Amino acid sequence: MNRGHNRAAVLEAHAEHLPLLRGLGRYVGDLTLPGMLHVAFVRSPHAHAKIRAIDVAAARGCPGVVDVLGGAGLAERLAPIRARLDPDGDYDYRETPWPAMAHERVRYVGEIVAAVIAADRYKAEDAAAAVAVDYEPLAAASDVAAALRDGAPEVHAPGGNVLFRVRKQSGDAGACFADAPLRLSARFKHPRVAGMSMEGCGVLARYDAVADELVFWSSTQIPHLLRDGLSRCLGMPAERIRVIAPEVGGAFGIKMQLFPEEVILAYAARQLGRPVKWIQDRSEHLIASFHARDVTVEAEIAADGEGRLLGLRAKAWCDVGAYSAFPLTCALEPHTIATALPGPYRWDCFDYEGYAVATNKYPGGAYRGVGFPIGPLVTETLIDRVARKLDCDPIEIRRRNLLRPDDMPFSSASGAVYDSGDYPALLQAAVDRADYATWREEQKQAAQAGRRLGIGVACFVEASGMNRRVYRGRGMMEIPAFESALIRVSPGGDIFAAVSTPSQGQGQRTTFRRLLSERLGVAPDAIAIGLGDTAVAPYGAGTFGSRSVVSGGGALLAAAGKLCDRLCVLAAARWAVPVASVAFADGGVQEIGQGGRRLSLAELAGLAYSARTDLPDGVEPGLEVRVAHDPKAAPFSAAAHLVLVEVDPRTGQVAIRRYVVAEDCGPIVNPAAVDGQVRGGIAQGIGCALYEDIVYDAEGQHLSATLQDYLVPGAGEVPEIDIVHQVTPSPFTEGGHKGVGESGTIGAPAAIVSAVMDALRADPPRIILPLSPQRVHDVMEGRADERA
Amino acid sequence: MSDMRYVVPRTLDEAVGAFAEAKGAARILAGGTDLLVQMRAGAVRPGLVIDIKKIAELTGIEETADGGFRIGGAVAGARLAEHPRFGKVWPGLLEAINLIGSTQVQGRASAGGNLCNGSPAADSVPAMVAAGAVATLQGPKGRREMPVEDVPAGPGRTNLQPGEILVGFILPPRPLGSGDAYLRMIPRTEMDIAVVGCGVNLTLKDGVCTAARVGLGAVAPTVLRVDAAAKALIGSRLDAAALDAAAAACRAACHPIDDKRGTIAYRTEVAGVLLKRAAGIAADRAKGA
């Protein structure tokens, strides 16, 4: 672990994590206010039903109950959660307004029909059990097949269950495939999964009658967007809502959507004039937090006889549950799969159709990687098949096809711009670190002893720090897509920096402190960082899509540049010399030339604040700068994964023996954070590949409501991961950085599937994740999975 | 749950008296690793909880003069693991008991609770069955003994009479050349509910299997004792044909459910695989390897 760093560096890198490990962090669950009440929700046991009546009288009479919310009254006072797409975009989209509390119809198991507010959670739960709801059950659309069948139950009648459709084409797929010497196809199913953050969701809401302000603590990734969403649902001015994300214990995308619970808590706090709190339990987290993926893909690849890739066509059906979530909408998954599919390769033709299909399940949202894990899962699996067909080594076929540095910047088959990178060198770095030839030798020897080893490879790119152009292209008008930073220097020269991308445990404070300390030439300790509070941090979209360093850090670097400019103006005025004859260096401004004068940051700050200073024209007193930043382009990081697995030839159980990653996210600010992101991402990718599956039955009942049913990888399932770094700066971002927060999750499922199929020497018509022992056994026996 | 009572009897008679008197409204608490979870989930709402951990006979581990063992029904897995002799004599059974839950759970969970919980997938039960363990029960009508395989009646149910408490287990003395093993199939490396579990206990003399018992879990409504598999092993040198026959007997004994943890076909197939592997480990142990 932490190869190449000494102990002091490791401690510095984890300076903000040590107090968290010692239990000193304050999460929403740790916060208490005088007079605080607790909320428990009554949730639908039906996947699809009409609500005939809700009787809350008995619940109101329970001990400790202060109020019970439910029924039609609330619907009139709360606008539904709306998630809009640009109406002029090149796609079809149907909006599905989502009431925070259902009163006419429930559309998924776990949908909120009432909320009990009581003196403590126990009393609230007991009273919730006393709420009587009269349901008239309706037939449910429990998956994509059921939702698209003739006469399928309509989740939002009328108009069918397809909520979103997009097509992306380049080149002439018809001709390309007709003439291709080699065409291979497969069907893929990625399960419905969800990020299992250590901390579930939580809210504490307090209405301040004096200031007419709602103070809203939430375990959110998107403080400003959450504020705007609440404002819309409550009809309350956004600037009267202050959202604070305290320490957040992991999020992974789940907490970047507006939850119905958040709307109800905000309403209740204002209505009752007392603080209200809700801490999600693990079962609620599994049943009623944003799920993700749940994608079926049919794909075909075309190649020539030398293994040169020619064309890729695919259709993806994304099971997005009952509603579009704010702010991303149900277009999220089908849109992103289009970006992800071409990978680090050139295609003469590309033809993709993506659908978002409504079902009676919890709504889909973001989860680390969004759409990107599907890309290599499909593309790399098909490339392996071409290699096997041509008896070509899987590394060699990739070498022949990977884009090269002189192709950059490259416009991909689905229209994304890859800014930089050396993909062949990256693959070679992984091959060298693994000593690929010895893996193959080991595989051969094991085979002679009746053991089945398999070697998997996945090459892929990751879109990060997505800018306004990307979201405009997707029509996602609810996402502002820029980030902001402010830097304030006190009269004594102490530095405070606030950035709009808060932390959920990734170590942003350390990373931003380092970034700024290196830029300004001051000690990291001299910098205070403010995050996660809309009253403190400037406006921004928040932390998601691997954007903290690229967009948030970019804003911080741009603000630092602006600060340096201001300091130069102040110094030049002080010395009565032209600005061109001074420069910022090492924590102060230096007069250029032999024996030049120097003013430290603290001295300059003193000047900026002092009434005695004669400020130059146009320079405001004090020392504070603020920048909103939109990176010139969304940088693409890249990686190559190599994995060695062993498959039990009798039970089908897969064990990961070795794992090597070569990654390129540009210059690394905080090596411990980057390695941590890669490792944690791979752990979650292993979960998707081998274990995790949110199962609903044919009636839409949720069968995975505990961690005994939803299997996440533990320490025993995650191997030691060997990471090699390569640095190719992006020409389009402030520090040349590229995001790496999702990299591991994107590559791991593809690499593991590649390894298992290599072990089995099998190309089954259907690849169904997770590759449970039983599914692998079925592949060995040549049995198709009946549940595909 | 507000009117729940909790008692901590010091003697078995006290416990049996309270249990019988409650007429089905009481639950026995040993480690509580099943009961408390069920209570939290609202699956059971006992009016009375009887904590048996303060009763000496239920928490003791005794190696008897003939080389057998008596284990109290409430002995925690971690305590068995710490016992200087038990794991040497019954390595397979100890492994099975130590597979119940996590390290933390091991500090509480007992084999007695595992058996009385009535789960067909209970890890310690197939190994107990293979070991030939006998359960000691005490109720209002006195004390009796029952082979472990006769205790489960179905998922979540046992053949204990009303008011009867599982006092402990009697393990028979081991002939020279004996070995046991327990293997289970789970998706991950730990902490999962068994898809299939298989316990094998056997004795070898001059390379020939002279005695064998086989227990199978998670493939039927109760843990099974598979005599046909044992018969296939006895008299053989555990050669491929004998192992194939025993595996086939295990598969024939399976009548599992089809659920998200495993299909009928898969569970049945794997039952045979585990039999062969567990028999191999038990044989190695019997040979002192």
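Keep in mind the model is a prediction, meaning the values are calculated, not measured.

Criteria and thresholds
- Throughout this description, residue numbers start from 1 for each chain and increase along the sequence as written.
- The naming scheme follows written order: chains are lettered A onward, ligands numbered 1 onward.
- With pLDDT at 70 or above as the cut-off, local features in this predicted model cover only qualifying residues; side-chain atom pairs require 80 or more to be listed or tallied, and sums for whole chains, interfaces and linings still use all residues.
- Only hydrogens and water are set aside; all other atoms, that is, all heavy atoms of the structure, feed into the side-chain values.
- Numbering of helices and strands runs from the N terminus, with a helix taken as a DSSP run of H or I at least four residues long and a strand as a DSSP run of E at least two residues long.
- Atoms counted for the radius of gyration: C-alpha only. Globule rule: 2.2 Å times residue count to the power 0.38.
- Summary of the burial criterion: residues with accessible area below 20% of their type's maximum are buried, those above 50% are exposed, and those between are partly exposed, where the area comes from a 1.4 Å probe applied to protein chains only.
- Any two residues whose heavy atoms approach within 4.5 Å at even a single point are treated as in contact.
- In short, Shrake-Rupley with a 1.4 Å probe defines the accessible areas, and a residue's cover is counted only from the protein chains shown.
- His residues and chain termini do not enter the charge count, which takes Lys and Arg as positive and Asp and Glu as negative.
- Just so you know, the charge point we use is NZ for Lys, CZ for Arg, CG for Asp and CD for Glu.
- For two strands to be treated as a pair, DSSP must find no fewer than two bridges joining them.
- Helix axes use the C-alpha atoms of the stretch in contact, all axes being lines fitted to C-alpha atoms, and the angles between their N-to-C directions lie in the range 0 to 180 degrees.
- Note: buried area is the sum, over both parts, of the accessible area (probe 1.4 Å) each one loses when the two are combined.
- Here, a salt bridge means any Lys or Arg side-chain nitrogen found within 4 Å of an Asp or Glu carboxyl oxygen.
- Side-chain atoms alone can form a polar contact between residues adjacent in sequence; in general such a contact is a pair of N or O atoms within 3.5 Å, and within protein one must be able to donate a hydrogen while the other accepts it.
- Asp, Glu, Lys and Arg are counted as charged, while Ala, Val, Leu, Ile, Met, Phe, Trp, Tyr, Cys and Pro are counted as nonpolar; the rest, among them Gly, fall into the polar class.
- Domains are outlined according to an automatic or database domain assignment.
- In this description, a nonpolar core means a group of buried Ala, Val, Leu, Ile, Met, Phe, Trp, Tyr and Cys residues linked to one another through side-chain atoms lying within 4.5 Å.
- The method works on a 1 Å grid over the protein atoms by themselves. A cavity is a set of points holding a 1.4 Å probe that cannot get out, a pocket is an open set with protein on both sides within 12 Å along at least five of seven lines, and residues with an atom within 4 Å of a point line them.
- Grid points are joined across faces, edges and corners, and a volume is the space filled by probe spheres set on the points.
- When describing relative orientation, an angle under 35 degrees is termed roughly parallel and one over 145 degrees roughly antiparallel, while 65 to 115 degrees is termed roughly perpendicular and anything else oblique.
- For any pair of crossing helices, the crossing counts as left-handed if the nearer helix is rotated counterclockwise from the farther one by less than a right angle, and right-handed if it is rotated clockwise.
- On a scale of 0 to 100, pLDDT captures the predictor's confidence in every residue.

## Observations concerning the overall build of chain B
Then step 1. Within chain B, the secondary structure is distributed over 12 helices and 14 strands.
Then step 2. Its C-alpha atoms give chain B a radius of gyration of 19 Å, within 12% of the compact-globule value 19 Å for 289 residues.
Then step 3. Taken over the C-alpha atoms alone, chain B extends approximately 60 × 45 × 35 Å along its principal axes.
Then step 4. By residue count, 52% of the 289 residues in chain B fall in the buried class.
Then step 5. Long-range contacts, defined as pairs at least 24 residues apart, comprise 59% of the intrachain contacts of chain B with a sequence gap of at least 6.
Then step 6. Accessible surface computed for chain B: about 12,400 Å², of which carbon and sulfur atoms make up 54%.
Then step 7. Both charge centroids of chain B, one from 33 positive and one from 28 negative side chains, sit 2 Å from each other.

## A word on helix 11 (residues 332-340) of chain A
Then step 1. Here helix 11 of chain A lies mainly inside the structure; nine of its nine residues are buried.
Then step 2. Of the residues making up helix 11 of chain A, those classed as buried are Leu-332, Glu-333, Pro-334, His-335, Thr-336, Ile-337, Ala-338, Thr-339 and Ala-340 of chain A.

## Digging into the sheet that holds strand 27 (residues 636-647) of chain A
Residue and element names in this part refer to chain A.
Then step 1. Spatially, 19-27-28-29 is the arrangement adopted by the four strands of the open sheet, whose pairing is mixed. On the outer flanks of this sheet lie strand 19 (452-463) and strand 29 (721-725), each paired with one strand and no other. The average undirected angle you get between the axes of adjacent strands in this sheet is 15 degrees.
Then step 2. Strand direction decides the pairing type here: strand 28 (residues 654-664) and strand 29, joined by five bridges, are parallel. Within strand 29, the position partnered with Val-660 by the bridge is Asp-722.

## A closer look at the interface of chain B and chain A
Then step 1. Residue-level contacts link 19 residues of chain B with 20 residues of chain A.
Then step 2. With both sides pooled, the region where chain B packs onto chain A buries about 1,700 Å², and carbon together with sulfur makes up 53% of that total.
Then step 3. Summed over the three residues of chain B that lose the most area to chain A, namely Arg-188, Lys-260 and Tyr-266 of chain B, the buried surface amounts to 38% of that side.
Then step 4. Counting across the chain B and chain A interface gives three salt bridges.
Then step 5. Residues Lys-260 of chain B and Asp-709 of chain A are paired through a salt bridge, measuring 2.9 Å at the closest nitrogen-oxygen approach.
Then step 6. Linking chain B with chain A are 11 residue pairs in polar contact (both at pLDDT 80 or more).
Then step 7. With six residues, helix 12 (residues 264-286) of chain B is the largest single contributor of residues to the side of chain B that touches chain A.
Then step 8. Its residues placed into classes, the side of chain B that touches chain A shows eight nonpolar, three polar and eight charged.

## Some remarks on the pattern of salt bridges
Then step 1. Scanning the entire structure with this criterion turns up 65 salt bridges over all chains.
Then step 2. Notably, a salt bridge pairs Asp-709 of chain A with Arg-261 of chain B, separated by 3.2 Å at the nearest N-O pair. Taken together, the residues span two chains, with Asp-709 of chain A in the loop between helix 20 (671-691) and strand 29 and Arg-261 of chain B in the loop between helix 11 (240-253) and helix 12.
Then step 3. In this structure, the salt-bridge partner of Lys-53 of chain B is Asp-51 of chain B, at a minimum N-O distance of 3.3 Å.
Then step 4. For Asp-51 of chain B, a relative accessible area of 4% puts it in the buried group.
Then step 5. Through salt bridges with shared partners, a single network forms among Arg-43, Arg-121, Glu-125, Glu-261 and Glu-284 of chain A.

## Observations concerning the domain arrangement of chain B
Residue and element names in this part refer to chain B.
Then step 1. Each domain of chain B was delimited in the assignment, giving domain 1 (5-119 + 133-171) and domain 2 (178-287).
Then step 2. Averaged C-alpha coordinates put domain 1 and domain 2 at centres separated by 25 Å.
Then step 3. Across the boundary between the two partners, domain 1 contributes 15 residues, which contact 12 residues of domain 2.
Then step 4. Summing both sides of the interface, domain 1 and domain 2 together bury roughly 1,100 Å²; the carbon and sulfur share of this comes to 56%.
Then step 5. In this structure, the connection of domain 1 to domain 2 is made through three salt bridges.
Then step 6. Note that Arg-213 is salt-bridged to Glu-149, the shortest N-O span being 3.0 Å.
Then step 7. Across the contact surface, domain 1 and domain 2 share five residue pairs in polar contact (both at pLDDT 80 or more).
Then step 8. Elements that contribute at least two residues to the side of domain 1 that touches domain 2 include exactly helix 6 (91-98) and strand 8 (152-154).

## Comments concerning the nonpolar core
Residue and element names in this part refer to chain A.
Then step 1. Core analysis: the biggest nonpolar cluster contains 196 residues, and Phe-216 and Val-756 have the highest contact counts within it.
Then step 2. Residue contributions to this core peak at 11 residues, all from helix 21 (residues 743-760).
Then step 3. Summarising the domain contributions, this core has at least three residues from each of domain 1 (28-138 + 201-248 + 254-287) and domain 2 (373-465 + 634-780).
Then step 4. Apart from the residues within four sequence positions on either side, Val-756 is in contact with Val-645, Val-647, Val-654, Leu-771 and Val-776.

## Let's talk about the pairing of strand 12 (residues 196-205) of chain B
All names here are of chain B.
Then step 1. Along strand 12, nine of the 10 residues are buried, which leaves the element largely enclosed by surrounding structure.
Then step 2. Where strand 11 (residues 178-185) and strand 12 come together, eight bridges link them in antiparallel fashion. Of the residues in strand 12, the one forming a bridge with Asp-180 is Asn-201.
Then step 3. The hairpin formed by strand 12 and strand 13 (residues 208-217) contains two residues between the paired strands, and Asp-206 there has a positive phi angle of roughly 50 degrees.

## Section: empty space enclosed by the protein
Residues and elements named next belong to chain A.
Then step 1. Inspection of the entire model under this criterion finds seven cavities of 30 Å³ or more.
Then step 2. By volume, the largest cavity is sized at about 100 Å³.
Then step 3. Around the largest cavity sit 13 residues that line it, and His-291, Val-320, Glu-333, Gly-364 and Gly-365 are the ones nearest its centre.
Then step 4. Listing elements by their share of the lining of the largest cavity, those giving two or more residues are strand 14 (292-303), strand 15 (309-321) and helix 11.
Then step 5. When residues of the lining of the largest cavity are assigned to their parent elements, the largest contribution, three residues, is made by strand 15.
Then step 6. Of the residues that constitute the lining of the largest cavity, the class distribution is five nonpolar, four polar and four charged.

## Observations concerning the packing of helix 13 (residues 394-401) of chain A against helix 14 (residues 423-434) of chain A
Residues and elements named next belong to chain A.
Then step 1. Helix 14 packs onto helix 13 with a crossing angle of 160 degrees between their chain directions and a minimal axis gap of 10 Å. It follows that helix 13 is roughly antiparallel to helix 14 by the angle criterion. When the axes of helix 13 and helix 14 are compared, the crossing they make is left-handed. Contact residues: helix 13 offers Ile-395, Arg-398 and Arg-399, while helix 14 offers Leu-427, Gln-428 and Val-431.

## Comments concerning the side chain of Asn-401 of chain A
Residues and elements named next belong to chain A.
Then step 1. Its place among the elements puts Asn-401 in helix 13.
Then step 2. Under the relative-accessibility criterion, Asn-401 is labelled buried at 9%.
Then step 3. Ignoring sequence-local partners within four residues, the contact set of Asn-401 consists of Gly-307, Arg-308, Leu-309, Pro-344, Tyr-345 and Arg-346.

## Points about the sheet that holds strand 7 (residues 132-137) of chain A
Residues and elements named next belong to chain A.
Then step 1. Read across the sheet, three strands follow the order 5-2-7 without closing on themselves; strand pairing throughout is antiparallel. Here the strands that pair on one side only, and so sit at the sheet edges, are strand 5 (105-106) and strand 7.
Then step 2. One ladder, built from two bridges, connects strand 2 (residues 49-55) with strand 5; its direction is antiparallel. Across the sheet, Ala-49 pairs through a bridge with Val-106, a residue of strand 5.

## What to know about the domain arrangement of chain A
Residues and elements named next belong to chain A.
Then step 1. Considered domain by domain, chain A is made up of domain 1 (28-138 + 201-248 + 254-287), domain 2 (373-465 + 634-780) and domain 3 (482-629).
Then step 2. Here domain 1 and domain 3 have C-alpha centroids that lie 40 Å from each other.
Then step 3. Taken together, the 16 residues of domain 1 in the interface contact 17 residues of domain 3.
Then step 4. Carbon and sulfur atoms make up 50% of the surface buried where domain 1 meets domain 3, a total of about 1,300 Å² over both sides.
Then step 5. Summed over the shared surface of domain 1 and domain 3, the number is two salt bridges.

## Brief notes about the confidence of the model for chain B
Then step 1. Averaged over chain B, the pLDDT score is 96; the fraction of residues at 70 or greater is 99%.
Then step 2. The ipTM for the predicted assembly is 0.93, set against a pTM of 0.95.

## A short note on unusual backbone geometry
All names here are of chain A.
Then step 1. Geometrically, the link from Ala-157 to Pro-158 is a cis peptide bond, its omega value of -10 degrees lying close to zero.
Then step 2. Note on placement: Pro-158 falls in the loop between helix 6 (144-148) and strand 8 (162-170).
Then step 3. With an omega of -5 degrees, the peptide bond between Leu-769 and Pro-770 qualifies as cis.
Then step 4. Within the fold, Pro-770 resides in the loop between strand 30 (766-768) and helix 22 (773-781).
Then step 5. The phi torsion at Ala-481 lies on the positive side, around 70 degrees, for a residue other than glycine.

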